[in-house]
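Descriptive structure summary
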Amino acid sequence: MPALQGSIEKRFGIIGYPLKHSLSPLMHNKSFEYFGLPYRYETLETEPTNLNKALSTYIEQGFYGFNVTIPFKEAILPLIHHLSDEAKAIGAVNTIHITSEGWLGYNTDAYGVLRSLEPYKDDIHNANVLILGAGGAARAVVYILAHYFSPQTITIAARNIQRAQALSSLLPRNSGIFFQHVFETNEDLKIAVLTSKLIINTTPVGMYPEINACPLPADVSLGSKHIVFDVIYRPLKTSLLKKAEEAKAQVVNGLPMLVYQGAEAFKIWTGKEMPVPLVFQHLKEALQTELQN
Ligand code: NAP
């Protein structure tokens, strides 16, 4: 945004490591420009050993808000002065607001998941759900499913059994949801796929540049009864979603999650509603251009 150079009143940024391919600067700078706000959003690649000092330095330099991504979503918790109820329950922060009352921490990934799955609410109610992966994104997914969608079962397919089992603490007490873990390579996974209505990939398998990788083994079939949600947005159509489309399943890519978590962060920082249709269009064009290059 060269026109604003020299007159920037507030700076915002995304903290992560490594941070080559974030779309967040495009999304937020487009929204600042839409409202004529003299703000700028930047990429802040931050060494993992340096988080506390780096954050203080950014704030001294005029940063008022941050998004937080891999590997800091959990590590940043002890540095935050006030956590939102959702960030506390999920155990991860992806948005920080620096205010006179302190550093406030939120988890807006949860809202991104909610908006992505909302159109399928009736399908998910009392259904079996399979989640691939047990990291930060999976925590937001399990929290939202358990609090807003009342599925019958949640099965986690993950290679790390401790991380998978820890997700059960996100279920409300007496939720009645049956929770189980399966390893992502054995027969149990096939059964879980066969019996699930909704399958959600929260692993990075299939993300650019490894776009031919698929988080489901080749001999696992999908069908037209499935809804398949891949939280990856680079590429928009992952190998998993291609496989799902070929089987005539319904598919959801990671772009709505990205945009709605961003919209919620934008509202926290500015009090304004992000121009969501404009941002969707802007990001789709950027992703299309990337595909052509
Ligand atoms: P994370 O905390 O590192 O968790 C990743 C999970 O995937 C872990 O369970 C990990 O297992 C598993 N995994 C990683 N590589 C794997 C492999 N080769 N085979 C099987 N399992 C594997 O990461 P995250 O923050 O949840 O992010 C995961 C993905 O979600 C990334 O692609 C990220 O870009 C995407 N995401 C998208 C949005 C959005 O707005 N659309 C928001 C957040 C995240 P281990 O624990 O055993 O390593």
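Refer to the structure above for everything that follows.
Residues numbered from 1 in each chain as written. Predicted model: local features only at pLDDT ≥ 70, side-chain atom pairs only at ≥ 80, totals over all residues. Heavy atoms only, no water.

1. A short note on the packing of helix α4 (residues 109-117) against helix α10 (residues 255-270)
- Running from N to C, α4 and α10 cross one another at 130°; their axes reach a closest spacing of 7 Å. Judged by the inter-axis angle, α4 sits oblique to α10. Relative to α10, α4 is oriented so that their crossing is right-handed. Packed against α4, whose contacting residues are D109, Y111, G112, V113, R115 and S116, the element α10 presents P256, M257, Y260, Q261 and E264 at the interface.
- Partitioned by chemical class, the residues of the contact of α4 with α10 number 5 nonpolar, 3 polar and 3 charged. (Axes fitted to C-alpha atoms, helices over the stretch in contact; angles between N-to-C directions. Helix = DSSP H or I, 4+ residues; strand = E, 2+ residues; numbered from the N terminus. Parallel < 35°, antiparallel > 145°, perpendicular 65-115°, else oblique. Left-handed = near helix turned anticlockwise from the far one by under 90°. Contact = heavy atoms within 4.5 Å. Nonpolar A, V, L, I, M, F, W, Y, C, P; charged D, E, K, R; others polar.)

2. Let's talk about the site of the ligand
- Not every one of the 23 residues close to the ligand is listed here, only the nearest: A134, A137, R159, R163 and V231.
- Residue A134 places a main-chain N or O atom 2.8 Å away from an oxygen atom belonging to the ligand.
- Separating an oxygen atom of the ligand from a backbone N or O atom of A137 is a distance of 2.7 Å.
- Here the ligand loses 77% of its free accessible area of 920 Å² to cover by the protein chains.
- Looking at side-chain class alone, the shell around the ligand contains 11 nonpolar, 7 polar and 5 charged residues. (Near = heavy atom within 4 Å. Polar contact = N/O pair within 3.5 Å; in protein donor to acceptor, adjacent residues only side chain to side chain. Areas by Shrake-Rupley, 256 points an atom, 1.4 Å probe, with all protein chains shown as cover.)

3. Some remarks on the sheet that holds strand β1 (residues 10-16)
- Reading across the sheet, the 6 strands line up as β2-β1-β3-β5-β6-β4 and stay open at both edges, with mixed pairing between neighbours. Every interior strand has two partners, whereas the edge strands, β2 (39-45) and β4 (82-83), have only one.
- Strand direction decides the pairing type here: β1 and strand β3 (residues 63-68), joined by 5 bridges, are parallel. If you follow F12 over to β3, its bridge partner there is G65.
- On the sheet, helix α1 (residues 24-35) packs against β1, β2 and β3 and is oriented at approximately 170° with respect to β2.
- Across the sheet, α10 touches β1, β2, β3, β5 (95-99) and β6 (102-106), and the angle it forms with β5 is around 5°. (Pairing = 2+ DSSP bridges.)

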